[in-house]
Amino acid sequence: MTELMTKTATELWGGFLTAAAGKLSAHVIDSWLAPIRCSRYENATVVLEVRDQFARDWLRDHYVDFIRDELSLVAGESVAVDWIVNPELRLADTSADDETHAPPESPTERSGVTETVDLEKRESRQLNSRYVFDSFVSGPSNQFAFAACKAVAENPASSYNPLFLFGGVGLGKTHLLSAIGHQILREKPRARIIYTSSEAFVNEVINAVRFSKLDEFHNKYRRNCDVFLVDDIQLIAGKDRTQHEFFHIFNTLYDSQRQIVVTSDKLPHEIPDIEERLRNRFQWGLIADVQPPEIETRVAILRKKADSERVVLADEVIFFLAKNIRSNVRELEGALVRLMAHASLTGQPLNVDYAQAVLADILQSRSLSLSVESIQKLVASYYQVKIADLKSSRRQRILVRPRQVAMYLCRKHAGASFPELGTRFGDKDHTTIMSACKKVDSLLKTDAALRKEVLELERRLDVLNP
Ligand code: ADP
Ligand code: MG
């Protein structure tokens, strides 16, 4: 009897899949419908088993009408659909994944609470536990990105896909990316979230190719991933094979409406050596930028951090830090941590004088590294050229000299390394900066006009009389 019903259910489902094949994309069928087990068909009710809640919710949200209508057509009667979450399907489905491949220790661990907790642990292991939405301070500089990330976390794959988070170093991109992962896991503990840095991803591609494990690799990213979080995507520049793999993963996930979030310190069109079609994909969804925080936000970040460390900080100390460390939250936090460590070791009170003494070198390098841009700006306006021209490689005489002078001044007064300057001057090789500096150095000995220009620039920079 049961056998007969199971068969009927199997036939029904087979008929459904055939019908669906003509109407939905192969990706949707492979990723979402084929893994379903149709386990019963009785009294005009069809029981569908899915591997986890995430799949169930997603199917209910997107395909419930389609599934019911098509099943009714195949069945020749109007049917209702019951959903059951069956973790065993997940184990069958993820056989390529090493970690889930391990046999379950005991039958009780295969279903229910224990497994949920296990999965949560496994998947969130890569996510930094401190990086959650609650510990993120939002202000005008990051509000938009913050809201976009929350929207994505609340409704993966239905608001913005892909979400491209863009912003300078130390401004909270990794924090927000992790927060998305945590939030989704909190609401859907069984969601399969993959968080990876681009570096790790590049290595994975290399190893998959080298050890002929591309199938496993594809399974992991294309089949067994509901939410794909990739940090620092700009690092796949120039990595052709990685880009190729990423492109296909992107397409599969996107077509089957699974969420993709990437972070980058460059806008899509600024990432060098990247396939046009990828650049293009990044622009399909939403690009949200994170800017350096305003003073109020910096103060709030410091307060929050001090609170979480249970340290009482005088307002004047907080303002002193917030005023002096502007461009980078990581530095801001680092300064605070250092200050607290010193104070607790020496027992000295935390006042502004003390802060100034402890942070002298940070404050120094902060003001120096800040000035690459201000030097470029100053030099550009002094010689009446565009900043973009300083960063370009155009060889016209009227551009070459200002460019070399800008490089020279940055090297001398911004304390930046040659490679760093290379990057900040339009991704040039560090040797270009080195030879520019040498050139200006030697010209200064003979060229009085140049000497005058440089002196005047330095006067304006105010670096000679700090
Ligand atoms: P990015 O990835 O953009 O380089 P991170 O996400 O690593 O930056 O952030 C650097 C540090 O600053 C982290 O410790 C992060 O928690 C903290 N941070 C950045 N922005 C904020 C913010 N708005 N509120 C609280 N902490 C922040
Ligand atoms: Mg980061």
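Model, not experiment: these values are computed from the prediction.

Caption draft 1: Highlighting the environment of glutamate 77. The topology assignment puts glutamate 77 in the loop between helix 3 (53-75) and strand 3 (80-85). Here glutamate 77 falls in the partly exposed class, since its relative accessible area comes to 33%. Here the alpha-carbon distance between glutamate 77 and alanine 44, two residues 33 residues apart in the chain, equals 7.2 Å. Non-local contacts of glutamate 77, meaning those with residues more than four positions away in its chain, are made with Tyr41, Ala44 and Ser72.

Caption draft 2: Structural view of the site of ligand 1. Ligand 1 sits among 17 residues. The nearest are Val137, Gly170, Thr174, His175 and Glu333. Residue lysine 173 places a side-chain N or O atom 2.8 Å away from an oxygen atom belonging to ligand 1. Histidine 175 places a side-chain nitrogen or oxygen 2.7 Å from an oxygen atom of ligand 1. With the chains in place, 94% of the 560 Å² that ligand 1 exposes on its own is no longer accessible. Assessed atom by atom at 2 Å from the grid points, ligand 1 resides in the second largest pocket.

Caption draft 3: Structural context of the layout of surface pockets. Each pocket or cavity is described by its volume, and for the second largest pocket that value is around 700 Å³. For the lining of the second largest pocket, the secondary structure elements donating two or more residues are helix 8 (173-187), helix 13 (295-308) and helix 15 (329-346). It is helix 13 that contributes the most residues to the lining of the second largest pocket, four residues altogether. Residues of the lining of the second largest pocket, tallied by class, amount to eight nonpolar, ten polar and ten charged.

Caption draft 4: Up close: the sheet that holds strand 4 (residues 163-167). If you walk across this open sheet you meet the five strands as 5-6-7-4-8, and the pairing is parallel. Of all the strands in the sheet, the pair left with one neighbour each is strand 5 (193-197) and strand 8 (286-290). Each neighbouring strand pair of the sheet contributes to a mean axis angle of 15 degrees, computed without reference to strand direction. Of the pairings in the sheet, the one linking strand 6 (residues 227-231) to strand 7 (residues 259-264) comprises four bridges and is parallel in character. In the strand pairing of strand 7, valine 230 is matched with valine 262. Here helix 7 (residues 143-154) sits on the sheet and contacts strand 4, strand 7 and strand 8; the angle it forms with strand 8, its principal contact strand, is near 135 degrees.

Caption draft 5: Highlighting the side chain of glutamate 49. Checked against the element boundaries, glutamate 49 lands in strand 2 (residues 45-50). Note on glutamate 49: relative accessible area 12%, which makes it buried. A distance of 2.7 Å separates a polar atom in the side chain of glutamate 49 from a polar atom in the side chain of asparagine 86. In this structure glutamate 49 touches Pro35, Ile36, Arg37, Ser39, Ile84, Asn86 and Leu89, once residues within four positions along its chain are discounted.

Caption draft 6: Expanded view of empty space enclosed by the protein. This structure, assessed with the given rule, holds two cavities of 30 Å³ or more. Around the largest cavity, the lining residues are Trp32, Pro35, Ile36, Glu49, Val50, Arg51, Ala55 and Leu59. Of all elements in the fold, only strand 2 and helix 3 reach the threshold of two or more residues within the lining of the largest cavity. When its residues are assigned to classes, the lining of the largest cavity shows six nonpolar, no polar and two charged.

Caption draft 7: Representation of the pattern of salt bridges in the model. Summed over the entire model, instances satisfying the criterion amount to 22 salt bridges. Notably, a salt bridge pairs aspartate 57 with arginine 56, separated by 3.5 Å at the nearest N-O pair. Notably, a salt bridge pairs aspartate 226 with arginine 192, separated by 3.0 Å at the nearest N-O pair. One end of the pair, aspartate 226, is in the loop between helix 10 (214-223) and strand 6; the other, arginine 192, is in the loop between helix 8 and strand 5, and 34 residues separate them in sequence.

Caption draft 8: Here's a closer look at the packing of helix 14 (residues 315-324) against helix 15. Where helix 14 meets helix 15, the axes come as close as 10 Å, and the angle between the chain directions of the two elements is 140 degrees. One element, helix 14, and the other, helix 15, form an angle in the oblique class. Where helix 14 crosses over helix 15, the handedness of that crossing is right-handed. Contacts between helix 14 and helix 15 involve Val317, Leu321 and Ala322 from the first element and Leu332, Ala335, Leu336 and Leu339 from the second. Of the residues contributing to the contact of helix 14 with helix 15, the split by class is seven nonpolar, no polar and no charged.

Caption draft 9: Representation of the nonpolar core in the model. Core analysis: the biggest nonpolar cluster contains 57 residues, and Leu48, Ile67, Leu71 and Ile180 have the highest contact counts within it. If you tally residues by element for this core, the top one is helix 3, at eight residues. Other than its neighbours up to four places away in sequence, isoleucine 180 contacts Phe133, Cys149, Val152, Ala153, Leu163, Leu229 and Val261. Membership of the second largest hydrophobic core comes to 28 residues, among which are Val379, Tyr383, Ala436 and Leu444.

Conventions adopted
Residues numbered from 1 in each chain as written. Chains lettered and ligands numbered in written order. Predicted model: local features only at pLDDT ≥ 70, side-chain atom pairs only at ≥ 80, totals over all residues. Heavy atoms only, no water. Helix = DSSP H or I, 4+ residues; strand = E, 2+ residues; numbered from the N terminus. Buried < 20%, exposed > 50% of the residue type's maximum accessible area, 1.4 Å probe, protein only. Contact = heavy atoms within 4.5 Å. Near = heavy atom within 4 Å. Polar contact = N/O pair within 3.5 Å; in protein donor to acceptor, adjacent residues only side chain to side chain. Areas by Shrake-Rupley, 256 points an atom, 1.4 Å probe, with all protein chains shown as cover. 1 Å grid on protein atoms, 1.4 Å probe; cavity = no way out; pocket = protein on both sides within 12 Å on 5 of 7 lines; lining within 4 Å. Sits in = over half its atoms within 2 Å of the grid points. Points joined across faces, edges and corners; volume = space filled by probe spheres on them. Nonpolar A, V, L, I, M, F, W, Y, C, P; charged D, E, K, R; others polar. Pairing = 2+ DSSP bridges. Axes fitted to C-alpha atoms, helices over the stretch in contact; angles between N-to-C directions. Salt bridge = Lys/Arg side-chain N within 4 Å of Asp/Glu carboxyl O. Parallel < 35°, antiparallel > 145°, perpendicular 65-115°, else oblique. Left-handed = near helix turned anticlockwise from the far one by under 90°. Core = buried A, V, L, I, M, F, W, Y, C linked by side-chain atoms within 4.5 Å.

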